[in-house]
Amino acid sequence: MLTIDRNDDRPIWQQLLDQAIHNITAGHWPPGQLLLPSRELAQLLGVSRSTIQIVYEELFSRGYTVTSRRGGTRVSEWKQAAGPATDATAAGPPLPELPYLDAAVDHLHHWMGDSRPYRVDINFSPHEPFLDERFHQLWRQSFLQAAAGIDASRWACGDPYGYLPLREQIQRYLSLEREIHVQVNQILLTSGAQHSLDLIAQALLRAGDTVTVEDPGFPAAWMAMKYRGMNVVPAPVDEYGLQVDRIHPQSKLVFVTPSHQCAVGVIMSEPRRQGLLHLAASAPCWIVEDDYDSEFRYRGAPLPTLFSQQPRNTLYMMSFSKMIAPGIRLSAIVGSAEAISRLARVQQLTYRHLPMMEQLTLARFIARGHFMRHMRRVRNVYRRRHEAMTKAIMASGLGGRFTLSGVETGSHMLLEAEDTYDEQTATRRALEQGIYVYPLSSYCLESNRKGWVLGFPNVDEAAIQRGSHRLADILV
């Protein structure tokens, strides 16, 4: 029998519904049992018939009962699901084995830097850009203004290409700063370099295709490609950049960081650039050009892009996550209209579109001139810290013991040891002394090169000097 508790805060119909469901699921009302007509039950309980009708309608809509004109309302034929698992055999479907996933994530953690359980005093991180209070103020201001001015239509499904006004700002920036002249339909917004590479793998390659990457190089590039089933082949890097003659002849794609090689820090020489462009045109294959650190050049203007010389074969990647802050998670891919259209269709299928507020905020941040002023401020900071790092390494004796490279551009440089050097032990000893350095081996796929990638964006000049001398005491 159903009862009513007048002291219960729940509505009467909800109390009755909960009791009815309990009686059915507990087996007190077995399948096929006929329920009292709504009028009769209402009289017994002393409630209105409409209250009972609500209960019966809810039972029917949830599948607990069936009704017919002549047969009335009966408990439906159904089977109670098994209760909570009490042993491993009833724990649910087994997870598929993904051995590469765990290994790749562990590698990413190591590459990005995981100092636990050590206390770090000086962190020569190459992954964290310089941010000051002025940036925080302007970004908050841009966010609040974007939020205040947004209309209701912006909360609908967005454009898979990305927010048009932001793509227009990027189009203008590329034209003025990088001499890349494209239409807005040649720009696709993504949530970072790894997202960009994942889209490229899905849209332009097939599982089993051969992909050539730099070694040492950008770990996220080969990990994203491997996870999508590509045959990833390393090609070595020397003082002139990627060794083009070592690119696998069956490559469908070549990933390269020509402006400031990720890890070694060298600039790809012009003969190598022309050789790569010729290879891509004759093969043909895709070039993915990650314009890594090109904005931070200390001798002259940024170098011309591969994309500006061969736009049909090249996909150009830029990342505001790197230029401004990793947490922004906004990047762009630039390519031919046909290639970008294909990428946008995959994005629409798998991701729909990017979060709107970040795009609105960045568009306003650029349009108000804050981005260019921030970049000028950052360049000046990096120039001073780059000079301080170079001097400190030479003065400390590190420059005499190890080879320094990557000093013309970018936000990091490489201190390279001999291949036989015990890099891991030295890295751990430095960490025990509160100095975090990033081993070159984390950037290597098959290469046996040793050393440390030293970033300076978040280390002031005084800390650079102290850290370099403490590091010299440990390594030299």
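Below: a short report on this structure. Within each chain, residue numbers correspond to sequence positions counted from 1 in written order. This being a predicted model, a pLDDT of at least 70 is required before a residue's local features are given, and a value of 80 or more before pairs of side-chain atoms are given or counted; all residues contribute to the totals for chains, interfaces and linings. Computation of side-chain values: all heavy atoms of the structure, hydrogens and water removed.

### Looking at empty space enclosed by the protein
Any empty space left between the atoms is revealed when a probe the size of a water molecule rolls over them. Using a grid of 1 Å spacing that covers the protein atoms alone, one calls a set of points a cavity when a 1.4 Å probe fits there but cannot get out, and a pocket when the set is open and has protein on both sides within 12 Å along at least five of seven lines; lining residues are those with an atom within 4 Å of a point. Grid points are joined across faces, edges and corners, and a volume is the space filled by probe spheres set on the points. What the rule picks out here adds up to one cavity of 30 Å³ or more. Counted as a void, the largest cavity has a volume near 40 Å³. In terms of lining residues, the largest cavity is bounded by Pro126, His127, Glu128, Pro129, Asp293, Phe296, Lys322, Tyr382, Ser411 and Pro457.

### Some details on helix H8 (residues 219–227)
Three exposure classes are used, based on accessible area relative to the maximum for each residue type with a 1.4 Å probe and protein chains only: buried under 20%, partly exposed in between, and exposed over 50%. Secondary structure counts use DSSP, requiring at least four H or I residues in a row for a helix and at least two E residues in a row for a strand, with both numbered from the N terminus. For H8, the tally of buried residues reaches seven of nine residues, placing the bulk of the element in the interior. Throughout, a contact is declared for two residues whenever any of their heavy atoms are within 4.5 Å. Elements in contact with the buried residues of H8: helix H4 (99–112), helix H7 (193–204), strand E5 (210–215), strand E6 (231–238) and strand E8 (251–256). Just downstream of H8, Gly229 is the residue with a positive phi angle, here 85°.

### Some points on the packing of aromatic side chains
Under the pairing criterion, centres of Phe, Tyr and Trp rings, with the six-membered ring standing for Trp, must be within 6.5 Å; the plane angle then separates stacked pairs below 30 degrees from edge-to-face pairs above 60, leaving the rest tilted. Applying the stated criterion across every chain, the model contains twelve aromatic pairs. Where Tyr421 meets Trp452, the ring centres are 5.6 Å apart and the plane angle is 85°; that geometry is what we call edge-to-face. With Tyr421 in the loop between strand E13 (412–417) and helix H16 (423–432) and Trp452 in strand E16 (residues 450–455), the pair connects residues that are 31 residues apart, well separated along the chain. Look at Tyr421 and you get buried, because its relative accessible area is 16%. Using a relative accessible area of 0% as the deciding quantity, one classes Trp452 as buried. Within the aromatic cluster, the residues linked to one another by ring pairs are Phe135, Trp139 and Phe365.

### Quick notes on unusual backbone geometry
Pro216 follows Asp215 through a cis peptide bond whose omega is 0°. Positionally, Pro216 belongs in the loop between E5 and H8. With a phi angle near 55°, Arg329 is a residue other than glycine that sits in the positive phi range. Inspection of the secondary structure puts Arg329 in the loop between helix H11 (320–323) and strand E11 (331–334). One non-glycine residue, Arg352, lies in positive phi territory at about 70°. Mapped onto the fold, Arg352 is located in the loop between helix H12 (337–350) and helix H13 (356–367).

### Describing the sheet that holds E11
The eight strands are arranged E4-E11-E10-E9-E8-E5-E6-E7 in an open sheet whose pairing can be described as mixed. Across the chains shown, the open sheet's two edge strands, defined by having one partner strand only, are strand E4 (187–190) and strand E7 (241–242). Strand direction decides the pairing type here: E6 and E7, joined by two bridges, are antiparallel. If you follow Asp238 over to E7, its bridge partner there is Gly241. The sheet contacts of H12 involve E4, strand E9 (286–290), strand E10 (314–319) and E11, and relative to E4 the element is tilted by about 30°. A pair of strands is considered paired only if DSSP assigns at least 2 bridges between the two. Here the axes come from fitting lines to C-alpha atoms, over the contacting stretch only for helices, and the angles between their N-to-C directions go from 0 to 180 degrees.

### Describing the sheet that holds E13
Either a parallel or an antiparallel arrangement is found when strands of a sheet pair, and the pairing is made through backbone hydrogen bonds. Across the sheet, four strands lie side by side as E12-E13-E16-E15; this open sheet has antiparallel pairing. The two strands at the open ends of the sheet, each matched to only one other strand, are strand E12 (403–405) and strand E15 (438–439). Pairing of E15 with E16 involves two bridges; the strand directions are antiparallel. Among the inter-strand pairings, Tyr438 is bridged to a residue of E16, identified as Val453.

These results come straight from atomic positions and should not be treated as a statement about function.
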